[in-house]
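# Structure at a glance
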Amino acid sequence: MKHGVLIVGMNGATANTTIVGALLGTQEELALGSITSGMQGLSRHLSRESSFVFGGWDVSSPSPLELANSYHILPTEVLSRSSPILESLRPMRAVISRHDTMEAKALAEGNAEHLCELERLKSEIAQFCQMNDLQTCTVVYLASPLALAEPAVLNATLTDLKLMLEKNDPRLPSAILYAYAAIESGAAFVDFTPNITLDVPGVQALAEQSGVPIAGRDGSTGQTLMKTVLAEMFQVRNLRLKGWYSANILGNNDGIVLSRPEHRELKMHDKLAVLEQILGYDGFAHAVDITYYPPRGDSKEAWDSVDFTGWFSQPMAMKIDWQGRDSILAAPLVLDLCKHMQFAQSKGSIGIQEHLAIYFKQPIRTGALAFSAAARRLREYYQ
Ligand SMILES: NC(=O)c1ccc[n+]([C@@H]2O[C@H](COP(=O)([O-])OP(=O)(O)OC[C@H]3O[C@@H](n4cnc5c(N)ncnc54)[C@H](O)[C@@H]3O)[C@@H](O)[C@H]2O)c1
């Protein structure tokens, strides 16, 4: 049985690492960093990377292998292996809206009206499924974070969305067109970015109506993942948080995009909301900085300086230095999510997949959960 994975932003660092890694990696190499491999008993329910067929959309056209060699994220000995499938992969034409990055808008080949773009995406999904004889298909959104959509979009019902599509309303972000096309085609949809797409009531209603699973938002891969662990410790140990300062430096393309205020707004919200949601109180200082620092490339560094009080209100502090690798942390989670969505489709599971909260900074509906609670939810779902 084969399962389709179509990635929006398939030539980006995370998507490229996911695709190339999945096609060239051994089972042993692919297991590290994957929750489904680490959590006992989970993988027996799930498909393997070898059953995945990849495709996707992007504004840039180089082949994934060419890109992987320039990204320098995966080891060269892995990239020297061959895969005829990989050599033939090319992205399909992207859909662009005014919310996209200036680079995407500059490279775009020109959009048709919303309804034409929607029909094009749907026929591309159908053709991909038919040509590859796929049992299921998941569309994963891994393109650059968009500028914030207008409130009319955030609150749109399904009827509002249909009207916006018909009227070719420029307020409709490209991400919603991808989600709409995926869901109407019967494909599961995952949003790994901070975009508001799956928060929109009309998109959730469409998923329910079309009988497809959806999951998001914003992959939890580094600093925020660590916050979900430590916040739980502060809460259980009844240590009172006074302040948390988080600084990030990263030198990849996502770092360039996130250095722009209009594209970082949602990411900052997602990073900042986590602590209050887990601790259950506010009234502490919480600051997050993201700085684009080219020398680091995809190897990002996050510093945390945490102030808290204990018995007799005595002040204490903690300093953390996380030296991570953005795409190496994210790719196994993307593959995990594809496996979960394939399983959900096979079981007829519809709408927001709350048991996948562990994968996201701001899981839709549940909000951020303490790490152990999120892990328990996932484990219980498969019992
Ligand atoms: N890697 C992580 O740890 C991590 C964690 C959480 C969230 N994310 C999010 O995942 C996304 C991908 O991250 P990345 O580091 O791969 O970024 P990237 O900048 O390397 O890749 C983004 C890709 O999207 C493409 N793109 C832009 N607009 C598009 C459109 N309208 N349609 C199709 N393609 C489009 C770009 O050309 C580029 O190839 C970002 O939104 C990032 O914030 C990443």
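Small disclaimer: the values here were computed from a predicted structure and weren't measured.

### A word on the site of the ligand
Taken together, 31 residues are adjacent to the ligand, and Thr 14, Asp 58, Ala 143, Tyr 178 and Asn 253 come closest. Between an oxygen atom of the ligand and a main-chain N or O atom of Gly 12, the distance comes to 3.1 Å. One nitrogen or oxygen atom from the side chain of Tyr 178 is found 2.8 Å from a nitrogen atom belonging to the ligand. Summarising the interface, the protein chains cover 96% of the accessible area of the ligand, which totals 850 Å² for the free molecule. Counting residues per element, the ones that place at least two in the shell around the ligand are helix H1 (13-24), strand S2 (52-58), helix H11 (174-184), helix H14 (253-258) and helix H16 (326-346).

### Examining the layout of surface pockets
Taken as a whole, the second largest pocket holds about 370 Å³ of empty space. Around the second largest pocket, the lining comprises 18 residues; the ones closest to its centre are Glu 29, Leu 30, Leu 32, Leu 74 and Ile 328. Listed by contribution, the elements that provide at least two residues to the lining of the second largest pocket are H1, helix H2 (27-31) and H16. It is H16 that provides the largest number of residues to the lining of the second largest pocket, a total of six residues. Across the lining of the second largest pocket, the residue classes break down as 11 nonpolar, six polar and one charged.

### Some words on the nonpolar core
Core analysis: the largest hydrophobic core is formed by 47 residues, its most contacted members being Trp 57, Val 139, Leu 161, Tyr 178, Ile 183, Phe 189 and Val 203. Where this core is concerned, the elements lending two or more residues are strand S1 (3-8), S2, helix H8 (114-131), strand S4 (136-141), helix H10 (158-166), H11 and helix H12 (201-210). Aside from chain neighbours lying at most four places away, what touches Tyr 178 is Val 8, Trp 57, Ala 94, Val 95, Leu 121, Tyr 141 and Phe 189. Among the nonpolar cores identified, the runner-up in size contains 45 residues, and Phe 54, Leu 356, Phe 360 and Ala 375 belong to it.

### Focus on unusual backbone geometry
Put simply, Gly 216 and Arg 217 share a cis peptide bond, and its omega is 0 degrees. Note on placement: Arg 217 falls in the loop between strand S6 (213-216) and helix H13 (223-237). Residues other than glycine seldom take positive phi values, yet Asn 238 does so here, at roughly 55 degrees. Within the secondary structure, Asn 238 is located in the loop between H13 and strand S7 (240-250). Under the relative-accessibility criterion, Asn 238 is labelled exposed at 66%. With phi around 55 degrees, Ser 313 is a residue other than glycine that occupies positive phi space. Looking at where Ser 313 falls in the secondary structure, it is placed in the loop between strand S9 (301-309) and strand S10 (315-323).

Cut-offs and rules
Residues numbered from 1 in each chain as written. Predicted model: local features only at pLDDT ≥ 70, side-chain atom pairs only at ≥ 80, totals over all residues. Heavy atoms only, no water. Near = heavy atom within 4 Å. Polar contact = N/O pair within 3.5 Å; in protein donor to acceptor, adjacent residues only side chain to side chain. Areas by Shrake-Rupley, 256 points an atom, 1.4 Å probe, with all protein chains shown as cover. Helix = DSSP H or I, 4+ residues; strand = E, 2+ residues; numbered from the N terminus. 1 Å grid on protein atoms, 1.4 Å probe; cavity = no way out; pocket = protein on both sides within 12 Å on 5 of 7 lines; lining within 4 Å. Points joined across faces, edges and corners; volume = space filled by probe spheres on them. Nonpolar A, V, L, I, M, F, W, Y, C, P; charged D, E, K, R; others polar. Core = buried A, V, L, I, M, F, W, Y, C linked by side-chain atoms within 4.5 Å. Buried < 20%, exposed > 50% of the residue type's maximum accessible area, 1.4 Å probe, protein only. Contact = heavy atoms within 4.5 Å.

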